[in-house]
Amino acid sequence: MFDIIKCPADPSKYGFERFYPFNEAKGKIIEVENVVAAANHKNRKILVSLRDYAFDEGALKIIAEKKNVCFLIDLGRIMRTRGVPRAIMLSKLRTFLRLCVKFGAFYTFATFAEKESQIRSPEELENIIMLFDLNRGQAKFALKMLRNYL
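The text that follows walks through the structure, step by step, so that each part is easy to find. (Residues numbered from 1 in each chain as written. Predicted model: local features only at pLDDT ≥ 70, side-chain atom pairs only at ≥ 80, totals over all residues. Heavy atoms only, no water.)

### Digging into the packing of aromatic side chains
Consideration 1: If you walk through the whole model with that rule in mind, you get eight aromatic pairs.
Consideration 2: Ring plane angle 45° and centroid distance 4.9 Å describe the contact between Phe16 and Phe19, whose orientation is recorded as tilted.
Consideration 3: On the basis of relative accessibility, which here comes to 8%, the residue Phe19 falls in the buried class.
Consideration 4: With a centroid separation of 5.0 Å and an interplanar angle of 85°, the aromatic rings of Phe71 and Phe96 are classed as edge-to-face. In this pair, Phe71 sits in strand β5 (residues 70-74) while Phe96 sits in helix α6 (residues 83-103), placing the two residues 25 residues apart along the sequence. (Phe/Tyr/Trp six-rings, centres within 6.5 Å; stacked < 30°, edge-to-face > 60°. Buried < 20%, exposed > 50% of the residue type's maximum accessible area, 1.4 Å probe, protein only. Helix = DSSP H or I, 4+ residues; strand = E, 2+ residues; numbered from the N terminus.)

This is the structure we're talking about:
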């Protein structure tokens, strides 16, 4: 299992194979507004972080067919958000991930922990990911996908 974090920590202490420092990973992450904007990068092997998980089936299908782009889901942002905005984000993300599974688009998760106390174990991350209607196998696969892009 892998994670991107913003603080120094020993991955074996938490049950991870490796932590990627944010400074090392940020050059391989592109932040875009939505899936339509992500489609512009469909031919690059890159991690794409979406600001809004509103979906467009056509753009998602194109991205999935190319098998290059991997969507990076920021679990830290979800954990830091509260109230109605969090509920809306979770609903959109659940629908987005359902479509990713349907079309075969790649996705992975990272916490971007800023302090060592914010680091979660792989098992805890799997359980959080399962709240998005993914099964344990899909959660494990997604957490291992990060190494293919960094």
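### As for the nonpolar core
Consideration 1: Counting 44 residues, the largest nonpolar core has Leu50, Leu60, Phe71, Phe96 and Phe109 as its most contacted members.
Consideration 2: Element by element, the count of residues in this core is highest for α6, at seven residues.
Consideration 3: Dropping the residues within four chain positions of it, Leu50 is found in contact with Val32, Asn34, Val35, Ala38, Phe71, Leu72, Arg77 and Phe96.
Consideration 4: Counting residues in each nonpolar core, the second largest holds 13 residues, with Phe2, Ile29, Leu72 and Phe112 among its members. (Core = buried A, V, L, I, M, F, W, Y, C linked by side-chain atoms within 4.5 Å. Contact = heavy atoms within 4.5 Å.)

### Notes on the packing of helix α7 (residues 122-130) against helix α8 (residues 136-145)
Consideration 1: Packing of α7 against α8 leaves a shortest axis separation of 9 Å and a crossing angle of 120°. Regarding the angle of α7 to α8, the classification is oblique. Relative to α8, α7 is oriented so that their crossing is right-handed. Together, Pro122, Leu125, Glu126, Asn127, Ile129 and Met130 of α7 and Arg136, Ala139, Lys140 and Leu143 of α8 make up the contact between the two elements.
Consideration 2: Residues that form the contact of α7 with α8 fall into these classes: six nonpolar, one polar and three charged. (Axes fitted to C-alpha atoms, helices over the stretch in contact; angles between N-to-C directions. Parallel < 35°, antiparallel > 145°, perpendicular 65-115°, else oblique. Left-handed = near helix turned anticlockwise from the far one by under 90°. Nonpolar A, V, L, I, M, F, W, Y, C, P; charged D, E, K, R; others polar.)

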